Amino acid sequence: MGPGSETRKRTYTLTILSVIVTAIVTNTECRSVLSSEPSETSVSGDWDYLMFAQQWTQSFCIYHKQETKTRVVCRIPETVTTWTIHGLWPTAKRNPPTFCNNASTFDVKEVQPLLQDLNKYWPNLLNYNKYGIWQHEWMKHGTCGQNLESINSQYKYFELSLMLNKAFDISYALSTHGIYPSDEKAYPCDNIVNAMQDTFDTKVWPSLNWYTDKISGKKYLMQVSLCLGKDLVPQNCVKSSPCHANLDFFIPKIIHG
């Protein structure tokens, strides 16, 4: 790294995270007007931390094509060029909660101001229905976080997810460390993890998921999950490095369709 890179790195991390905290603390009244507050009958599961999962869309589409027996085609919108959101999941060390409040159904009108960003950074890759991925993630996971102020409504849940996607910008972290999408070049797992730790100024361990191509044997990095306390401070997802000897990943170039 060149002179001043350490300062830029810390400025990047602290600025983005301060924006998130400020938005949560100061804009609550504004958001409550735009969103429906949780009902008094809302039920949330017991959970310990948040898992924020981001996915590489091309790796997911390769997995979907090879592993699922469905005619539904995985299509990546033209607007998608970076790592996208898979979900924000209230998670417990044992028996993670899911589908905590079936009465709190997804209503797209509640997230209307966020639609442009949602389509770009949290796209629906499988055309079951236009809002399928958001409906699924809210019902399965979002309803379990209604006991936390920062995500206790649909608007807040999706807004915070988008903020975290910007704060923990994996595409930026990798590219500034010489790691770019490629169908020909694989990158050591350690290099990928170190790039994120360095950029985000944290030494916590993420959780990684990958798919091994049945034809080529290539290991495609498919998902990176970062874990956060209820105060949004990063923490370990796993006890030690998710990398092991000779573990290299491809990050395939995106094919829009």
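Note that the structure is a prediction, hence the values are computed from the model and not measured.

What follows deals with the environment of Phe-99. As for its placement among the helices and strands, Phe-99 is situated in the loop between strand 2 (84-91) and helix 4 (115-121). Residue class for Phe-99 comes out partly exposed when judged on its relative accessible area of 41%. In this structure the C-alpha to C-alpha distance between Phe-99 and Gly-142, which are 43 residues apart in sequence, comes to 8.3 Å. Here Phe-99 is in contact with Met-139, Lys-140, Thr-143 and Cys-144, once residues within four sequence places are set aside.

Per the stated rule, a full pass over the model turns up 4 disulfides. A sulfur-sulfur separation of 2.0 Å characterises the disulfide bridge that pairs Cys-189 with Cys-243. Between Cys-189 and Cys-243, the disulfide has an S-S torsion of -70° and is therefore left-handed. Taken together, the residues Cys-189 in helix 8 (residues 189-199) and Cys-243 in the loop between strand 6 (234-235) and strand 7 (248-251) connect sequence positions 54 residues apart. Like Cys-243, Cys-189 is buried. Of note for the protein: the bonded cysteines, numbered N- to C-terminal, pair according to 1-2, 3-4, 5-8, 6-7.

Counting 62 residues, the largest nonpolar core has Leu-118, Phe-158 and Ile-192 as its most contacted members. No other element matches helix 6 (residues 154-167), which puts 7 residues into this core. Each residue touching Ile-192, except ones within four places of it in the same chain, is listed here: Leu-174, Ile-179, Tyr-187, Leu-221, Phe-249 and Ile-251. If you look at the next biggest cluster of nonpolar residues, it comprises 6 residues, including Tyr-49, Met-51, Ala-53 and Cys-237.

Residues in a regular strand project their side chains so that they alternate between the two faces of the sheet. Bridge count for strand 4 (residues 207-212) against strand 5 (residues 219-228) is 6 bridges, and the pairing is antiparallel. For Tyr-211, the partnering residue across the bridge sits in strand 5 and is Tyr-220. Where strand 4 folds back onto strand 5 in an antiparallel hairpin, the turn is made up of 6 residues, including Gly-217, whose phi is positive at roughly 80°.

Contact pair helix 5 (residues 132-140) / helix 6: the axes reach a minimum separation of 11 Å and the direction vectors enclose 110°. In terms of their interaxial angle, helix 5 and helix 6 are classed as roughly perpendicular. For the pair helix 5 and helix 6, the crossing hand works out as right-handed. Within the contact between the two elements, helix 5 uses Trp-134, Glu-137 and Trp-138 and helix 6 uses Gln-154, Tyr-157 and Phe-158.

Turning our eyes to something else, we now look at the packing of aromatic side chains. What the rule picks out here adds up to 12 aromatic pairs. On the numbers, 5.8 Å between centres and 25° between planes, the contact of Tyr-131 with Trp-134 is stacked. According to the relative accessible area criterion, Trp-134 is buried, its value standing at 1%. Relative to Phe-200, the ring of Phe-168 lies with its centre 5.2 Å away and its plane at 90°, an arrangement referred to as edge-to-face. Remark: Phe-200 occurs in the loop between helix 8 and strand 4 and Phe-168 occurs in the loop between helix 6 and helix 7 (170-175); sequence separation between them is 32 residues. Judged by its relative accessible area of 4%, Phe-168 is buried. Ring pairing ties together the aromatic residues Phe-106, Trp-122, Trp-138, Tyr-157 and Phe-158, which thus form one cluster. Note that Lys-230 overlies the ring of Trp-47, its terminal NZ or CZ placed 4.5 Å from the centroid.

Scoring rules and cut-offs
Residues numbered from 1 in each chain as written. Predicted model: local features only at pLDDT ≥ 70, side-chain atom pairs only at ≥ 80, totals over all residues. Heavy atoms only, no water. Helix = DSSP H or I, 4+ residues; strand = E, 2+ residues; numbered from the N terminus. Buried < 20%, exposed > 50% of the residue type's maximum accessible area, 1.4 Å probe, protein only. Contact = heavy atoms within 4.5 Å. Disulfide = S-S within 2.5 Å. Core = buried A, V, L, I, M, F, W, Y, C linked by side-chain atoms within 4.5 Å. Pairing = 2+ DSSP bridges. Axes fitted to C-alpha atoms, helices over the stretch in contact; angles between N-to-C directions. Parallel < 35°, antiparallel > 145°, perpendicular 65-115°, else oblique. Left-handed = near helix turned anticlockwise from the far one by under 90°. Phe/Tyr/Trp six-rings, centres within 6.5 Å; stacked < 30°, edge-to-face > 60°. Lys NZ or Arg CZ within 6 Å of the ring centre and 35° of its normal.

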